[in-house]
Amino acid sequence: MEAGTRVWCRDTVGDEAWFPAEVTKKTDQQLDLVRTDKPEVTLSRKRLKAADSDEPQELKYEGVELANAPLSDEDRELGRDDDLITLPHLHEPAILHAVGDRFYHGKIYTWTGPVLIAVNPFQRLPLYTKEILETYRREGLLRSQNLGGSDEKLGPHIYAIADRSFRQMMTEQRKSQSILISGESGAGKTESTKIVMLYLTTLGSSESEETSDLSVMEKVMQSNPILEAFGNARTLRNDNSSRFGKYMELGFNRRGQLLGAKVQTYLLEKVRLGFHASGERNYHIFYQLLRGATDEQKKKYEFHDGVTQGLELANYFHYTGQGGAPRPRRHSDESTFKETLESMDSMGWSAEKKDMVLALVAGLLHLGQISFTSAEQNGVEVATITEPKIVEDAARLLGVNLEKLQIALTERVMITRGDEIKIQLTPDKAMDARDALAKTIYGALFLWVVEQVNSCIGWENDDEVRSSVGVLDIFGFECFAVNSFEQLCINFTNEALQQQFNQFIFKMEQSEYETEEIAWAFISFPDNQDCLDTIQMKKTGILAMLDDECRLPKGSDRNWASRLYKNFLPKTGMVESENKRFSATPVQKSRSIFCVRHFAGVVQYSAETGFLEKNKDEIPLTAKNLFETASSQLVLDIFAAQMKETEGRAAAAAAAAPAPTPGKPARGKSQPKSKTVGMQFKEQLHSLIENVQKTEPHYIRCLKPNDAAKPKFLTKKRLTEQLRYGGVLEAVRVARAGYPVRMDHSGFFQRYRMNLPAVPDEELPWSMEDEDAKDLCVRLLKTMLDHGQKQKAAGVPDPNEEGISRAEKIRRMQLQPAPMEFPTTDVQLGNNKVFMRKPPHDAMESHRVFHQNASITLIQCWVRGVFRRHKYLILYQSAITVQSFYRGCKGRERWWRLRRDVAGKLLTRVFRMLLVWRPYNKSRKGTIKLQAAYRGFVLRRLLAAIKIQTFFRMRSTHGKYKKLLSASLALQCLLRGRIARKFLHSLKSEQKDIGKLKENNEKLKMEMASLKAMLAAQAKGDASRQEHEKELDEQKKAIESLEKQVAKLEHELEKERTYVKNLEEKLKKQQEEAAQTIQKLKQSLSHAPSRTPHPAPAPPAPLPVPTSHVPQHAPVIRANDPVPEGASVVVKHVVSPEFIAEHEANIAKLHEELEAERKLRRETDGEIIKLRAQISGVELKDSEVTALLAPSLETLAVTETIKEEEETDAASKDQTSSQTAAKPQLKPESTVSQEQVGTSKPVQRQDSTALAEKKKTEDEEFKKIKEAAVTPEVVTALTKLGVDAKSSHVFNDKTEKKGRRSLLQRSPSEYLPMIRRGFSYLNEEKEVEELDVMTLGWKREISNRKEREEALRDEVRRFEIKMKKFSSTLEEGIEVTMWQLNRNAELGQAETDEFALKATHVTLKLERKGEFLRQSALTFGMRGGFMQKAIARNRGMSPGFEPVIP
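Since we're looking at a predicted model, the values are computed, not measured.

Participant: What exactly am I supposed to notice about unusual backbone geometry here?
Facilitator: Among all residues except glycine, the phi angle is most often negative; among peptide bonds, the trans geometry is most common. In this structure, Phe 122 is a non-glycine residue whose phi angle is positive, near 55 degrees. Along the chain, Phe 122 falls in the loop between strand E7 (115–119) and helix H3 (130–144). Within the chain, Glu 302 stands out as a residue other than glycine whose phi angle is a positive 60 degrees.

Rendered as structure tokens:
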């Protein structure tokens, strides 16, 4: 690689894989390069370390390979690049460049020795016409008869390899042939297989044997649409991707006539049936049936467009709509469905058989629509079918029993030690069972279809078949982001085929050496037997251990991965196995991932992707029972095909075992075990390899130029990966292991004769005319070696030596290459080619580049003179060009003026058109609007009529139902009434607690409203505190949210109170009626003669209590009382225990919601305390705020409130004492026994002693709570706020409670100076009855009408008990005065220390609503003062009088 040598450099960054470059400088350690396509890019590559060996070795640099000389157009026309083996340098970049160059020139086929490379063009090319087929057929016929070929040389073509296989089959040996076609999805394997079969069937067809409508050739070709419909699907890479491997064997007789064919399939991708990715499709047959079926077929197969909710059928069904159901780009599903039906007809299928197959396919679609819901059975979650109609349709179309299909979907049967165990499946497991059943049915159907195709196209007598040609369409090497069981099997297949391919190439190499008669030794080639052993070795192979794990009852993917690690990586910290084929890092082990080094590279497999489940592929017992008892003959046939595939060989082996000898006890024989998928695949692969080894193989490697399926677009990186995965590069390495460089005699002499420019023509001629090429090569090689020895002895030549020519001087000034010196055994001259190793080839190439550079330098001297002449001519032409441009500009100027005039006329016409178009458009829109209005009117009338009819029918049926319900429930009233009486008192006590919570929520609501107004006034009054405004806004939002929640809870509590009150009234009424009825019965019994009492009927079962009113019935009698003759007995409706339990649950739920509100309230109060403290210049810690909000303080506040209200409400309690005493107290239990109901008695009022003890206990508890509330944190917080906790009346028992408001009764927001509210007593010793003026107040500044109303309404509700004495005065109106608490006064000070801030006359009128007072009118009169100014400032109005009447 001397300076100036063209090379290929590996692209480690981009997607070009290799790019062309030129050597600029070479040293022993580094090689400097410049890109020829981008001269501004320079780079360098380091030298690779040489292996330890005594033999001379070539210099290699990292990622650098020598480039071949570019071919001219004439060379391409002559086909110099048809076979890549003829290239001097054959390596990865050379193959990539040659294939890509031919692809861009429309040549998609290339030979690489015996291998044909086929690149998918993604477009229709005129390469498969009848004329071309006939040309290759004629060429093959002439060569087979030793008559020579045609004058025109035929290039590489798929017809050529098919013809070669047929001609070799027809030789005297009659050896069978095989054509192996491989490649990844979308590379064109399926189309290549069709083309090969078309050519072979054309050669094997015979017109004389045609006795039926279709010939054998036509039948074989017609089998493809059926196999593609059931085995092909659309993927992201290919619209018609084969999801199975296929080996089709064509049988020929001794005359070369086609007798028939047999198809063998491998590894159908059944996983696709249950799931396929977005943009992909399921198998073609589903979409063909849904889109190509007739209306009669759709009706028969339950394909109703009405249930799809506007979706297309293919998008509606689960098995077809997961990927969006895209349509094919080349063919429609409708046309391919017709081709499939025609193919079935050509196979001899009857109409009944076709209908059964299509019905089975439709049944699978309906099976995928089955969904499950969760239900509870014996405390266990089980699956139930959501829509039984779908199951019925699926069972009918599949031809199986409905009940057994339901069992197969929802149950799993296990046999343990002869016992059958049934397990109910959960909804998720049932969905898996549904998909597994569908995959089993479809896999069996596919096997049956293959059997039917073989029975149609197969030959009748095996003795007539003399030889065959097998066409293998197999999946190529796969490596995805996540690789599973399918990829392991596929790569295992490619490993086995690659080994056979390497052996075949090695034999070709040996035969070529023997043909050329050169001396050669054994050549080592790469062997991948260790990789095959890693996968298939018995007991210790990956597949063997997978089969063992599948036999274990508790086998799992993770356990299998652990066994692999222990087997291949037994030592601690071991990452790679001894044979370097299996590896796993610690991170990969934790994720159950292992790697296998294949011939194409390392592939990472994820064990937890269902390896065991995919390998088992067992038919569940429920499914077997379903298939064995099916009514459809097709289901029985496909089940037999499935059993033959899975258990055929094992059963045959068991049947072939010798029978036990008479007289000897027969040993227990185990039933033949079903084969796993891995075992089946391994057997099929071994059979395939045996067949291929018996035949003469031919290879076709299909390549995909890009993933976008675009024509004339090639991605070099993707093509390189496919060349590596397809084994092409591996074959090249095998071919070049001995003598990698090969050239014919003429090419060798013409290329390297220039290395001896000083040798005269008499000693070594330049021309090869009339000379023996091999003799010239021998003389050239000998002369070069002699010249190298002389150069080594002479040393470095002097460029300043006198008498030398200019060319010689230039040559001596160049960097001199090393003298040419190498063993003569490294260059072997065969009969037709020259075989060279790399070191002598590199030495000759370096001398050739050296002489080329010297010649180029000499030529440059002459070229520079030529450039001067060219420069003058360029200036001359430039002047003429400028003149021509000027004249052109003048002409275009005139043309633009004419164009401007034409444009003006056009604009005028368009403007006139718009003037007419606008009125027309308005008229059109008006007409459309009128039509829409009229149609809407008609439709609304129709909907109204329908609604009236619906309501009338509903009322008619509802009335009948209410009568029946009332009659049924009346029988249960008595028993429920007794139970409700005992439970009523417990509800009342709970209602009291609920009312207390309501009052607390009312207080919270008032405090939040007050805080919101105060914060708003404070924020607006101080413009420099913008940060506090943001916090205030957030607190406002939180307060509004709490208000809404409190309002909702109030509403629910009010409903509960109303409902309890109604129950009390009904119970009271029932008691009165029962008492009257019993009295009447006693009176009637006292006058009637004695009779034998009838046995009391059993009490009826309790039913839910209706909320509607129950009419009066006959009198009620007790169970033990005698019944008078002729008297009718009706049981009144009562409250059931279930209903009471439900009511208690609702109340408990409300308590939980109130507890959550209390917690949220404490958090909000904490934020409020912090904000108010910051406003007052006080900083409180979180612990202090938490102490103020402690539960003990809250409990103390609640207790204080209860005590104060009890003292205040003494008068009201005296008035209602009679009602309270009449109501019994119930136990907290929600259920009452029948004996307790029958013997219930009114509960007596508690005596005074019990009340005194209860009061004493409550005082002691209150005292303990008060002591626990005074903590150091509370004292510290109150001290910061200016409050003395020890002197406060709340924590002092000796302070009077009358006329004072407890400190802890307030919310935490009242710990700071603020505006207070409450009664202002003129004289504390006066009675409340003597007050004529009630004083209310706000503790904040009010800014709007709503807040004023809420504040006053809250005060009225809070003191409604105290205002009962002022009812007459309130109706006429009273005066309300506002005042403010002194900021310097001690918190908890008596109300007498308050002073009036500003008098505002307010007229408040209340009206009586039952036992409560409701606000009816509220009027403010304000003139002057801070509140009037604040309101005017907020509303943007002038100060003045503002009346408010809500």
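Additional details are given in the paragraphs that follow.
Participant: Would you explain the pattern of salt bridges in this entry?
Facilitator: Any two side chains of opposite charge can pair, on the condition that their charged atoms come close. Applying the stated criterion across every chain yields a total of 49 salt bridges. Glu 808 is the partner of Arg 811 in a salt bridge, and the nearest nitrogen-oxygen pair spans 2.7 Å. With Arg 811 and Glu 808 both in helix H30 (residues 806–813) and three residues apart, this pair spans about one turn of that helix. Accessibility expressed as a relative area gives 18% for Arg 811, which makes it buried. What emerges from the salt-bridge pattern is a single network uniting Arg 281, Arg 291, Glu 312, Arg 327, Asp 333 and Glu 334.

Participant: What should I look at first to understand the sheet that holds strand E24 (residues 833–836) in this one?
Facilitator: Picture the strands of a sheet paired through backbone hydrogen bonds; they go either parallel or antiparallel. The three strands lie next to each other as E22-E24-E23, forming an open sheet whose pairing is antiparallel. Lying at the two open borders of the sheet, with one neighbouring strand each, are strand E22 (741–744) and strand E23 (827–829). Sheet twist, expressed as the average angle between the axes of neighbouring strands with direction ignored, equals 20 degrees. Two strands pair when backbone bridges link them, and E22 and E24 are joined in this way by four bridges, in the antiparallel orientation. Of the residues in E24, the one forming a bridge with Val 741 is Met 836. Sheet contacts for helix H17 (residues 485–516): E22 and E24; angle to E24, the most-contacted strand, approximately 120 degrees. Helix-sheet contacts for helix H31 (residues 838–969) involve E22, E23 and E24, and the interaxial angle to E24 is about 105 degrees.

Participant: I'm lost on the pairing of strand E21 (residues 696–703) in this one. Help?
Facilitator: Remark: a regular strand shows side chains that alternate across the two faces of the sheet. With respect to burial, E21 is a largely interior element, seven of its eight residues being buried. Pairing geometry for E7 and E21, over five bridges, is parallel. For Val 119, the partnering residue across the bridge sits in E21 and is Leu 703. Here six bridges tie strand E8 (residues 177–182) to E21, and the two strands are oriented parallel to one another.

Participant: Just checking my understanding: could you explain the packing of H3 against helix H5 (residues 189–204) for this structure?
Facilitator: Look at H3 against H5: their axes get within 12 Å of each other, and the N-to-C directions meet at 60 degrees. As summarised for this structure, H3 and H5 are arranged oblique, according to the angle between their axes. Here H3 runs over H5; the crossing is right-handed. Facing H3, whose interface residues are Leu 133, Tyr 136 and Arg 137, H5 presents Tyr 199, Thr 202 and Leu 203. Its residues assigned to classes, the contact of H3 with H5 comprises four nonpolar, one polar and one charged.

Participant: Would you mind going over the packing of aromatic side chains with me for this structure?
Facilitator: Aromatic rings in a pair are described by how distant their centres are and how their planes are angled relative to each other. Tallying each qualifying case throughout the model produces 24 aromatic pairs. Consider the rings of Tyr 159 and Tyr 199, whose centres lie 5.2 Å apart with planes at 25 degrees: the pair is stacked. In this pair, Tyr 159 sits in helix H4 (residues 158–169) while Tyr 199 sits in helix H5, placing the two residues 40 residues apart along the sequence. Considered together, Tyr 159 and Tyr 199 belong to a single accessibility category, that of buried residues. Taken together, Phe 485, Trp 560, Phe 568, Phe 582, Phe 594, Tyr 605 and Phe 611 form an aromatic cluster joined through their ring pairs. Cation over ring: Arg 35 sits above Phe 19, and NZ or CZ is 4.0 Å from the ring centre. Of note, Lys 589 hangs over the ring of Tyr 565, and the distance from its end group to the ring centre comes to 5.8 Å.

Participant: I keep staring at the sheet that holds strand E5 (residues 64–66) and nothing clicks. Help me out?
Facilitator: Taking strand neighbours across the sheet as the criterion, the five strands line up as E4-E3-E2-E1-E5 in an open arrangement whose pairing is antiparallel. Strands at the two margins of the open sheet, each flanked by one partner only, are strand E4 (42–46) and E5. Across the sheet, the mean angle from the axis of one strand to that of its neighbour is 45 degrees, orientation sign disregarded. With five bridges joining them, strand E3 (residues 30–35) and E4 adopt antiparallel strand pairing. Pairing of Leu 31 across the sheet is with Arg 45, part of E4.

Participant: Would you mind going over a negative patch on the surface with me for this structure?
Facilitator: Among the surface-exposed residues, Glu 376, Glu 381, Asp 428, Asp 432, Glu 613 and Glu 618 lie close enough to one another that they form a single negatively charged patch. Topologically, Glu 613 is positioned in helix H22 (residues 611–616).

Participant: What am I meant to see in the nonpolar core here?
Facilitator: Here is a general trend for soluble globular proteins: nonpolar side chains tend to be buried in one another's company. Core analysis: the biggest nonpolar cluster contains 132 residues, and Phe 230, Phe 286, Leu 405, Tyr 442 and Ile 700 have the highest contact counts within it. Tallying contributions element by element places helix H16 (residues 427–457) first for this core, with 15 residues. Ranked by size, the runner-up nonpolar core spans 54 residues in total, among them Ile 505, Phe 568, Ala 600 and Phe 611.

Participant: Whenever I open this one, helix H23 (residues 621–628) confuses me. Can you help?
Facilitator: For an α-helix, 3.6 residues make a turn, and residues three or four places apart therefore share a direction. Listing the buried residues of H23 in full gives Thr 622, Ala 623, Leu 626 and Phe 627. Looking down the long axis of H23, one finds its buried residues gathered within 135 degrees of arc, a one-sided arrangement.

Participant: Hey, could you run me through the confidence of the model for the protein in this one?
Facilitator: Predicted coordinates in areas of low pLDDT are best not read in detail. Looking at the protein as a whole, its pLDDT mean stands at 75, while 71% of the residues score no less than 70. Counting interchain partners and residues more than four positions distant, the pLDDT-below-50 stretch residues 52–56 has three contacts. Note on residues 1287–1291: pLDDT is under 50 here. Beyond four places in sequence and across chains, it has 18 contacts.

Conventions adopted
- Residues numbered from 1 in each chain as written.
- Predicted model: local features only at pLDDT ≥ 70, side-chain atom pairs only at ≥ 80, totals over all residues.
- Heavy atoms only, no water.
- Helix = DSSP H or I, 4+ residues; strand = E, 2+ residues; numbered from the N terminus.
- Salt bridge = Lys/Arg side-chain N within 4 Å of Asp/Glu carboxyl O.
- Buried < 20%, exposed > 50% of the residue type's maximum accessible area, 1.4 Å probe, protein only.
- Pairing = 2+ DSSP bridges.
- Axes fitted to C-alpha atoms, helices over the stretch in contact; angles between N-to-C directions.
- Contact = heavy atoms within 4.5 Å.
- Parallel < 35°, antiparallel > 145°, perpendicular 65-115°, else oblique.
- Left-handed = near helix turned anticlockwise from the far one by under 90°.
- Nonpolar A, V, L, I, M, F, W, Y, C, P; charged D, E, K, R; others polar.
- Phe/Tyr/Trp six-rings, centres within 6.5 Å; stacked < 30°, edge-to-face > 60°.
- Lys NZ or Arg CZ within 6 Å of the ring centre and 35° of its normal.
- Patch = residues over 30% accessible without salt bridge, like charges linked within 9 Å, V, L, I, M, F, W, Y side chains within 5 Å.
- Areas by Shrake-Rupley, 256 points an atom, 1.4 Å probe, with all protein chains shown as cover.
- Lys, Arg positive; Asp, Glu negative; His and termini not counted.
- Charge placed at Lys NZ, Arg CZ, Asp CG, Glu CD.
- Core = buried A, V, L, I, M, F, W, Y, C linked by side-chain atoms within 4.5 Å.
- Arc of directions from axis to C-beta.
- pLDDT = per-residue confidence, 0-100.

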